[in-house]
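# Observations on the model geometry
Residues per chain, in single letters:
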Amino acid sequence: MRSSRRKTERELRVELERVEARLHELEATQNAIRRGDVDAIVVEGPNGSQVFTLQSPEDPYRILAERMNEGAATLSADGTILFCNRRLAEMVKRPAEQLLGASFFSLLRQDEGNALRHFLESAMKQDVRAEGELLQKNGKLLPVQLSLSLVSFSDLEKVFCLVATDLNELTLAKRGLRQQNEIFELAHDAILIRDLHGRVQSWNRGAKDLYGWPAEEAVGRVISDLLHTQFPEPFGAIEALLLASKEWEGEVTQTRRGGGTVVVASRWSLLRDERGNPTAILEINRDITARKEAEVALQKSEDAYRKLAELVPQLVWKCTPDGLNIYFNRQWVEYTGLTLEESYGEGWNTPFHPDDKTPAWKAWKHAVETGETYRIDCRLRAANGSYRWFLIKGIPLQDDKGSVVEWFGTCTDVDDLKRSEEARCRANEELRELNQELESRVALRTRELADSMKDLESFAYSVSHDLRAPLRHIDGFLTLLSTRTYATLDDSSKHYVDRAILASRRMGQLIDDLLQFSRTGRAQIHKMPVDLNAVVRAVLRELEPESFERKIDWHLTPLPQLAADKAMLLQVIENLVGNALKFTRGRETAKIEIGCKPGLNGESVIFIRDNGAGFDMRYYNKLFQVFQRLHGDHEFEGTGIGLAICRSVVERHGGRIWAEGSVADGATFYFSLPADCGEGEQHELVEAHLAG
Amino acid sequence: MNSLKPIWLVEDSVDDIELTLAALENIHLANHVIVMRDGSEVIDGLDARAGNDSLPAVILLDIKMPKITGIEVLRRIKTDPRLKTLPVVMLTSSRQGPDVLECYVLGANAYVVKPVESAAFFEAVKAVGNFWAVVNERPDAVNLDEGR
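Parameters at a glance
- Residues numbered from 1 in each chain as written.
- Chains lettered and ligands numbered in written order.
- Predicted model: local features only at pLDDT ≥ 70, side-chain atom pairs only at ≥ 80, totals over all residues.
- Heavy atoms only, no water.
- Helix = DSSP H or I, 4+ residues; strand = E, 2+ residues; numbered from the N terminus.
- Buried < 20%, exposed > 50% of the residue type's maximum accessible area, 1.4 Å probe, protein only.
- Contact = heavy atoms within 4.5 Å.
- Areas by Shrake-Rupley, 256 points an atom, 1.4 Å probe, with all protein chains shown as cover.
- Pairing = 2+ DSSP bridges.
- Axes fitted to C-alpha atoms, helices over the stretch in contact; angles between N-to-C directions.
- Buried area = accessible area lost by both parts, 1.4 Å probe.
- Salt bridge = Lys/Arg side-chain N within 4 Å of Asp/Glu carboxyl O.
- Polar contact = N/O pair within 3.5 Å; in protein donor to acceptor, adjacent residues only side chain to side chain.
- Nonpolar A, V, L, I, M, F, W, Y, C, P; charged D, E, K, R; others polar.
- Right-handed = clockwise from strand over helix to strand, strands pointing away.
- Phe/Tyr/Trp six-rings, centres within 6.5 Å; stacked < 30°, edge-to-face > 60°.
- Core = buried A, V, L, I, M, F, W, Y, C linked by side-chain atoms within 4.5 Å.
- Left-handed = near helix turned anticlockwise from the far one by under 90°.

### So, the overall build of chain A
Secondary structure assignment for chain A yields 21 helices and 24 strands. Across the 692 residues in chain A, those meeting the buried criterion constitute 38%. In chain A, the share of contacts with a sequence separation of at least 24, taken over all contacts with a separation of at least 6, comes to 52%. Accessible surface for chain A amounts to roughly 40,200 Å². Of this, 52% is attributable to carbon and sulfur atoms.

Structure, rendered in structure tokens:
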């Protein structure tokens, strides 16, 4: 009985009843013995039943007293213990021998002495019963019920028979019951007990709070009149179930005092008596209205999202954290051609491209382990068997506690994007290859150019050195010859020697001019702001010997500042002005005009006009060619390199050169230079060679 | 004293040697002209004479020569403390290329382009020969050091 487990109410009640019954029984036995109603007592013992007759009362009586579960003693009128059983000794935790002859008063608290005295007096007249406490040796008090009867062995010697029943167990049982009652009252749930006819027997505070009626008003009323409970299934069926399984559970809708309805989770338990016959029904009802409303709201939002999921063009899915699918939208079915039944669970793996299955599974595992967004590009098989690229994304949905309850995601068709991206990548790759090829071609070409430049340089060197040397020798030996023999030569021979010397010198001049032309074409251009007026002044100073003792009408107008290589520009002006001087040699008064006019796109056009010999426009195309001359040597000396150099310089500056003229009527030479400084012409050298 | 020293003409072309000798002869220099045909001959000759008094009055040095070029010979002379005061006149048939600048950087005393016109060439050789062999007095290395 002293189990640590909390006893149920029912168990406590049963125990209480048992203890009380035993008290009654004992009392009855006592009376019977005293009155002589019984002849013998049968005592159930470990060795079976034993019969004690009362004929020789002494021994059997003692045995009986020793075997009793109650403390028993015989007291004299002054309270001295004449006899006590072992149980009583146990109850006060003293040896039985010590108790014999001791005063029963010593087993009571001091302040209860009078009460005992009064108790003994009362027992003279009739049997008495009272509750009290026995003082144990360790000082603790044991609650007991004391029954006292007068057993007169003789008139002189009055002996009392005392039976002490341990009330501790009983008290515990009662306390347990009180606690149960408090629990019953304090529970938030509505707890009620109704009999088999539905009449309310118990009604806790939770029931009052939930339904509105206090216990006083509810107890005794039929529950269906009170709550108008609506059951999810016919009541008859519920009753049958309850009787069969002793329990029922379900959600019901009930009416409160005042008309409001509540949804409750109701649990019924069938209460039965000792024989197992149903006596009442215990009902525990929990208000789940709020939860129900939340569920409805959730349902609504879920409906909304489902509608949304059906509307979007993506394939929408939901699955458990195990990767088992539980939802697909219509688009999934339409794209994959799989039925929902085929897709649910693990079925949704089938449309994945065989090559994508492993990476998709790895990405999924990673997402589930980390709770991060699931994201991967995969090919999914369409109903017609072809594959398209999809971006698959999924996010975890978590409950209040933060644990993942399901995954929700989409598959977005990115096939076109992917393919155009691939095409772009391919194009980029091709472009890169093309660029690489171009670069290597440029590098190769540059190398070739550098090589050919080297060749050209060594050629120029050879020309200047190796070709000029024999010429010099020819000239030298001819000169020595003529020095020694000139006087002895006839006129023809003198003429031949002179012509040979002149020819060799002319060839030397041609070689020098050719070299200058090649140098002009190769030299790097260093552009800087150049004042053309200063250039012209320098040229005129330079050419002063040419104009010596000649009548020249110079017509000079202010010229602009230009961006150019000063030395090269000087060369151009010198050539052109030199030509003007040369070809006006036959004029009595030479007229030479140097001016400037605006050209196209902000260019400056410089012109040098003379009234000289002019030229035949029919041969214009030869004018700027190397070694091309429109006049014979007998008219005007020259190698035909000057204008070719001018053209080369002007064109390398990004300008043009041209001329107008007519025979014997002068000529005008023009050249244009761009307005801007022409920066970024770092590859002049290369371009010049490409042009050459 | 200088007039006793020879003029070295370093030239590989027989034509140029003949013409140069004719030009030198024309100015009636007392100096003996020693002709050398390549650079290594000059180097060896100078090495043998360095330190004594038998160095030439002037070296007329052609740039373009087989084996060791005139420029290389010039560099050896001008970087040798014993020889650097020796007058060297570079002879070349070309005004082209980086030769002119390089020769001056290396310390050539003159740079003469052999003109095509023989008269001019004779004049040039005459001027050089007269100037370096007769007019110009080469300072002794000792004097030079003291002069600084």
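What follows continues from the structure just given.
### Comments concerning the sheet that holds strand β10 (residues 247-255) of chain A
Residue and element names in this part refer to chain A. With antiparallel pairing, the 5 strands of this open sheet are ordered in space as β9-β8-β12-β11-β10. Each edge of the open sheet carries a strand with a single partner, namely β9 (200-203) and β10. Strand-to-strand twist in this sheet, taken as the mean axis angle between neighbours without regard to direction, amounts to 25°. Helix α10 (residues 235-245) contacts β10, β11 (261-272) and β12 (278-287) of the sheet and is inclined by roughly 145° relative to β10.

### Remarks on the sheet that holds strand β21 (residues 590-598) of chain A
Residue and element names in this part refer to chain A. Ordered by their spatial adjacency, 5 strands build an open sheet running β19-β21-β22-β24-β23, and the pairing between neighbours is mixed. Strands at the two margins of the open sheet, each flanked by one partner only, are β19 (552-556) and β23 (657-661). Strand-to-strand twist in this sheet, taken as the mean axis angle between neighbours without regard to direction, amounts to 15°. Where β23 meets strand β24 (residues 667-673), 5 bridges bridge the pair, whose relative direction is antiparallel. Opposite I657, over in β24, you have F671 as the bridge partner. With respect to the sheet, helix α19 (residues 566-583) is in contact with β19, β21, β22 (604-610) and β24, its orientation differing from that of β24 by roughly 170°.

### Structural notes on the interface of chain B and chain A
In this complex, chain B contributes 20 residues to the contact, which on the side of chain A involves 17 residues. Carbon and sulfur atoms make up 57% of the surface buried where chain B meets chain A, a total of about 1,800 Å² over both sides. Seen at the junction of chain B and chain A, the total is 1 salt bridge. The shortest N-O distance in the salt bridge between R472 of chain A and D16 of chain B comes to 2.7 Å. Connecting chain B to chain A are 3 residue pairs in polar contact (both at pLDDT 80 or more). Elements that contribute at least two residues to the side of chain B that touches chain A include exactly α1 (14-26) and α5 (118-135) of chain B. For the side of chain B that touches chain A, a count of residues per class yields 7 nonpolar, 6 polar and 7 charged.

### Re the pairing of strand β1 (residues 7-10) of chain B
Residue and element names in this part refer to chain B. Residues I7 and L9 line one face of β1 and the alternating positions W8 and V10 line the opposite face, and both faces are buried. On the question of chirality, the crossover connecting β1 to the parallel strand β2 (residues 33-36) by way of α1 is right-handed. Pairing of β1 with strand β3 (residues 58-62) involves 4 bridges; the strand directions are parallel. The residue of β3 that forms the bridge with W8 is I59.

### Here's the deal with the packing of aromatic side chains
The geometry of an aromatic ring pair is captured by the separation of the ring centres together with the interplanar angle, meaning the angle of the planes. All names here are of chain A. Scanning all chains against the criterion turns up 22 aromatic pairs over all chains. A ring pair is formed by Y305 and F408, whose centres lie 5.3 Å apart and whose planes are at 80°; its orientation type is edge-to-face. Residue Y305 is located in helix α11 (residues 289-311), and its partner F408 is located in strand β17 (residues 404-413); the two are separated by 103 residues in the primary sequence. By relative accessible area, which is 18% here, Y305 ends up buried.

### Side note on the nonpolar core
All names here are of chain A. I573, L576, I608, F669 and F671 are the most contacted members of the largest nonpolar core, which has 39 residues in total. For this core, the elements supplying multiple residues, two or more each, are α17 (532-542), β20 (561-564), α19, β21, β22, α20 (642-652), β23 and β24. Among the elements that take part in this core, α19 stands out by supplying 8 residues, more than any other. The next biggest cluster of nonpolar side chains, apart from the first, holds 27 residues, and it includes L88, A123, V144 and L162.

### Structural notes on unusual backbone geometry
At K93 of chain A, a position not held by glycine, the phi torsion is positive, near 55°. Mapped onto the elements, K93 of chain A comes out in the loop between α3 (86-92) and α4 (96-99).

### Topic: the pattern of salt bridges
Pairing is possible between side chains that carry opposite charge, provided their charged atoms lie close to one another. All names here are of chain A. A full pass over the atoms with the stated rule returns 33 salt bridges over all chains. A salt bridge links R194 to E283, with the shortest nitrogen-to-oxygen separation between them at 2.6 Å. You can see R194 sitting in strand β8 (residues 190-195) and its partner E283 sitting in strand β12, a full 89 residues away along the chain. Comparing R194 with E283 shows no difference in burial state: the two are buried. One salt bridge connects R618 with D616, and the closest N-O pair in it is separated by 2.8 Å. Via salt bridges that share partners, R388, D413, D415, D416 and R419 belong to a single interconnected network.

### So, the packing of α19 of chain A against α20 of chain A
Residue and element names in this part refer to chain A. Viewed as axis vectors pointing N to C, α19 and α20 meet at an angle of 145°, and their least axial separation amounts to 9 Å. As α19 runs across α20, the sense of the crossing is left-handed. Together, M568, Q571, V572, N575, L576 and N579 of α19 and G642, L643, I645, C646, V649, V650 and R652 of α20 make up the contact between the two elements. Classifying every residue of the contact of α19 with α20 by side-chain character gives 8 nonpolar, 4 polar and 1 charged.

Nothing here speaks to function; it is all geometry.
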